[in-house]
Amino acid sequence: MNILILGSGGREHAITWKLAQSSRPLKLFAAPGNPGTATLAVNIPVDPLDFTGVRQAILANEIGMVVVGPEVPLAEGIADFIEDDPALAGVAVIGPRRAGAMLEGSKDFAKGFMKRHLIPTAAYETFTPETFDDAVKFMRKLKPPYVLKADGLAAGKGVLIINDFDEAVRELKEMLGGRFGTAGSRVVIEEYLNGIEMSAFVVTDGSSYRILPEAKDYKRIGEADTGKNTGGMGAVSPVPFATPEFLAKVEDRIIKPTVEGLKEEGIDYRGFIFFGLMNVNGDPFVIEYNARLGDPETEVILPRIGSDLYDLLEGVACRDLASRNTVILPETAVTVMIVSGGYPDSYGKGFPVSGTENVTGSTVFHAGTKTDNGRLVTSGGRVLAVTSLGKAMSDALSASYMSVREISFEGLYYRKDIGFDLKNYTE
Ligand code: AMP
Ligand code: GLY
């Protein structure tokens, strides 16, 4: 089986890495991939949003399965494009069609879906520029902080949490006025949930599902969760406060009704679902859905799967996931993201990276690197994710931090406190 992985980040490197361990004879391709995937797969220089280019890559390489990493091609209908093309008949896509990707692509759709299926989430209403005055009235009824969410995809920047009422009204006006382009032409305003966040992941074939390891990521740039939001500065799996009792609530109240709800609504969802959750006094609430795996969560989830990932993906493609097994390893996996100085604001690119070859106790996933005249250089804000497994979280963290110290490039930065808030639960 020839498999094409779409995307170029740490998540896609981790997917390629895990599939490369399959006992099945797989030939892997990545588009566009990165220097990490290049060691395990053939990189094809095609942008996942260039659907015609993807089509040519599928035909030229006799691809039988396409695994879609990021959300934008899903929201733009890459699965529909491939599945509806008679010339690509038989090519399996791991990732939902546009209708399913709406769970991530439209906050209003996701909230409506949860309401219809009685899935616990924060109370909300959706507003447009025409209903601005109603939005202000609605906000007066809420307690601060105010949570404002642009309806559409906004690269993780579309959520504002504001304490001051007047400031929230000003921000709302700007959002509805086009600050996030069309993504903000509708704004969801919701109740603030007080709790601790974590994420759950499943893969589904549209009727059954398999639960993957849960994870917690660290979104802020600064230590102790301060400063700006990033794509993610590190992640930990398992999550110590996600007790079997809590995870059973997640499955009963959230996972099952989501998979069943999709089916009931005629949405044939084949792929990953990422549940962003808030644990509010032991009860799970959905903060957001994503129609894909997370980055850097994938870099800790997949190393904890002891069984063959291809077997699960084949179960999705053949719609017989119910007959496939997943083995989850008991070890803790952590990943520490090394970023370029200045990220998430402006940062330089092209800095030579050294030392990755000296890392022994960890796996280094490439997130924002490229090869320039045979040298590894930075090409993004998030550069490398350094993953380690350990019996305890502290062992895994020590291993990753030791590995991180082997690596250098100009302006390198990383958080030294990944897992800081979980220590009370574990030690
Ligand atoms: P989202 O893009 O929907 O994941 O939101 C980004 C972040 O905002 C989340 O990871 C949470 O930390 C926070 N957030 C979103 N919605 C809420 C809410 N209703 N209550 C508290 N925090 C929230
Ligand atoms: N790490 C968060 C995400 O992938 O959306």
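Residues numbered from 1 in each chain as written. Chains lettered and ligands numbered in written order. Predicted model: local features only at pLDDT ≥ 70, side-chain atom pairs only at ≥ 80, totals over all residues. Heavy atoms only, no water.

> Can you walk me through the sheet that holds strand S4 (residues 65–68) in this structure?
Strands belonging to one sheet form pairs held by backbone hydrogen bonds; the direction of such a pair is parallel or antiparallel. Taken in spatial order, the five strands make up an open sheet running S3-S2-S1-S4-S5, and their pairing is parallel. Of all the strands in the sheet, the pair left with one neighbour each is strand S3 (42–43) and strand S5 (92–94). Running over the sheet, helix H11 (residues 309–317) touches strand S1 (2–7), S4 and S5 and is turned about 105 degrees from S4. (Pairing = 2+ DSSP bridges. Helix = DSSP H or I, 4+ residues; strand = E, 2+ residues; numbered from the N terminus. Contact = heavy atoms within 4.5 Å. Axes fitted to C-alpha atoms, helices over the stretch in contact; angles between N-to-C directions.)

> Just to check I follow, could you spell out the packing of aromatic side chains for this structure?
Each aromatic ring pair is summarised here by two numbers: the centre-to-centre distance and the angle between the ring planes. Scanning all chains against the criterion turns up eleven aromatic pairs. Here the aromatic rings of Phe-127 and Phe-138 are separated by 5.6 Å at their centres, their planes lie at 45 degrees, and the arrangement is tilted. One end of the pair, Phe-127, is in strand S6 (residues 124–127); the other, Phe-138, is in helix H7 (residues 132–141), with eleven residues separating them in the sequence. Of the residues examined, Phe-127 reaches a relative accessible area of 3% and is grouped as buried. (Phe/Tyr/Trp six-rings, centres within 6.5 Å; stacked < 30°, edge-to-face > 60°. Buried < 20%, exposed > 50% of the residue type's maximum accessible area, 1.4 Å probe, protein only.)

> Teacher, can you tell me more about helix H1 (residues 10–20) here?
Counting buried positions along H1 yields ten of eleven residues, so the element is predominantly enclosed. Those residues of H1 not exposed but buried are Gly-10, Arg-11, Glu-12, His-13, Ala-14, Ile-15, Thr-16, Trp-17, Lys-18 and Leu-19. For H1, the elements touching its buried residues are S1, strand S2 (27–32), S4, helix H10 (298–301), H11 and strand S18 (363–366).

> Looking at this model, I keep getting lost on the pattern of salt bridges. Mind explaining?
Where side chains of opposite charge bring their charged atoms close, a pairing between them can arise. Taken as a whole, this structure holds 28 salt bridges when the rule is applied. Asp-85 is the partner of Arg-55 in a salt bridge, and the nearest nitrogen-oxygen pair spans 2.4 Å. Note that Arg-55 is positioned in helix H2 (residues 51–60) and Asp-85 in the loop between helix H4 (78–83) and S5, a separation of 30 residues in sequence. According to the relative accessible area criterion, Arg-55 is partly exposed, its value standing at 26%. For Arg-324, the salt bridge goes to Asp-311, with nearest N and O atoms at 2.8 Å. In this pair, Arg-324 is assigned in the loop between H11 and strand S17 (332–340) and Asp-311 in helix H11, connecting sequence segments 13 residues apart. (Salt bridge = Lys/Arg side-chain N within 4 Å of Asp/Glu carboxyl O.)

> Explain the sheet that holds strand S7 (residues 146–150) here, please?
Spatial strand order, S6-S9-S7-S8: four strands in an open sheet with antiparallel pairing. The sheet is open, and its two edges are formed by S6 and strand S8 (159–162), each paired on a single side. Across the sheet, the mean angle separating the axes of adjacent strands is 20 degrees when strand polarity is ignored. As paired strands, S7 and S8 are joined by four bridges and run antiparallel to one another. Residue Leu-148 lies in a different strand from S8, and its bridge partner there is Leu-160.

> Got a minute to help me understand the site of ligand 2 in this structure?
With respect to spatial proximity, the complete set of residues near ligand 2 consists of Asp-217, Gly-231, Phe-274, Asn-290, Arg-292, Gly-294, Asp-295, Pro-296 and Glu-297. Between ligand 2 and Arg-292 there is a distance of 2.9 Å, counted from an oxygen atom to a side-chain nitrogen or oxygen. Classifying every residue of the shell around ligand 2 gives two nonpolar, three polar and four charged. (Near = heavy atom within 4 Å. Polar contact = N/O pair within 3.5 Å; in protein donor to acceptor, adjacent residues only side chain to side chain. Nonpolar A, V, L, I, M, F, W, Y, C, P; charged D, E, K, R; others polar.)

> Would you explain the nonpolar core in this entry?
When a protein is soluble and globular, its nonpolar side chains tend to lie buried together. In terms of nonpolar packing, the biggest core is built from 71 residues, with Leu-4, Ile-58, Val-66, Phe-275 and Tyr-289 touching the most fellow members. Here the element with the most residues in this core is helix H9 (residues 244–264); it accounts for six residues. The contact partners of Leu-4, leaving out residues within four places of it in the chain, are Phe-29, Ala-30, Ala-31, Ile-44, Val-54, Ile-58, Ile-63, Met-65, Val-66 and Val-67. Within the second largest apolar cluster, 39 residues are counted, among which are Val-67, Val-300, Ala-333 and Phe-365. (Core = buried A, V, L, I, M, F, W, Y, C linked by side-chain atoms within 4.5 Å.)

> For this particular structure, what's the right way to read the side chain of Lys-149?
Counting through the fold element by element, Lys-149 comes out in strand S7. Beyond its immediate chain neighbours, meaning those up to four positions away, Lys-149 contacts Lys-107, Gly-158, Val-159, Met-175, Arg-186, Val-187, Val-188, Glu-190 and Ile-287.

> Looking at this model, I keep getting lost on the pairing of strand S20 (residues 375–378). Mind explaining?
Regular strands place their side chains on alternate faces of the sheet. As defined by bridge partners, strand S19 (residues 369–372) adjoins S20 across four bridges and the pair is classed as antiparallel. The residue of S20 that forms the bridge with Asp-372 is Arg-375. Between S19 and S20, which follow one another and run antiparallel, lie two residues, and Asn-373 among them has a positive phi close to 50 degrees.

> I tried to follow the site of ligand 1 on my own but got confused; where do I start?
If you check the shell around ligand 1, you find 15 residues, and the closest are Glu-190, Glu-191, Leu-193, Glu-197 and Glu-288. In this structure, Lys-107 approaches ligand 1 through a side-chain N or O atom, which is 3.1 Å from an oxygen atom. Between ligand 1 and Lys-149 there is a distance of 3.0 Å, counted from a nitrogen atom to a side-chain nitrogen or oxygen. Surface burial for ligand 1 is 89%, taken as the share of its 470 Å² of free accessible area covered by protein chains. Put simply, the parts of the chain that give the shell around ligand 1 at least two residues each are S7, S8 and strand S16 (283–290). Among the residues making up the shell around ligand 1, the classes are represented as eight nonpolar, no polar and seven charged. (Areas by Shrake-Rupley, 256 points an atom, 1.4 Å probe, with all protein chains shown as cover.)

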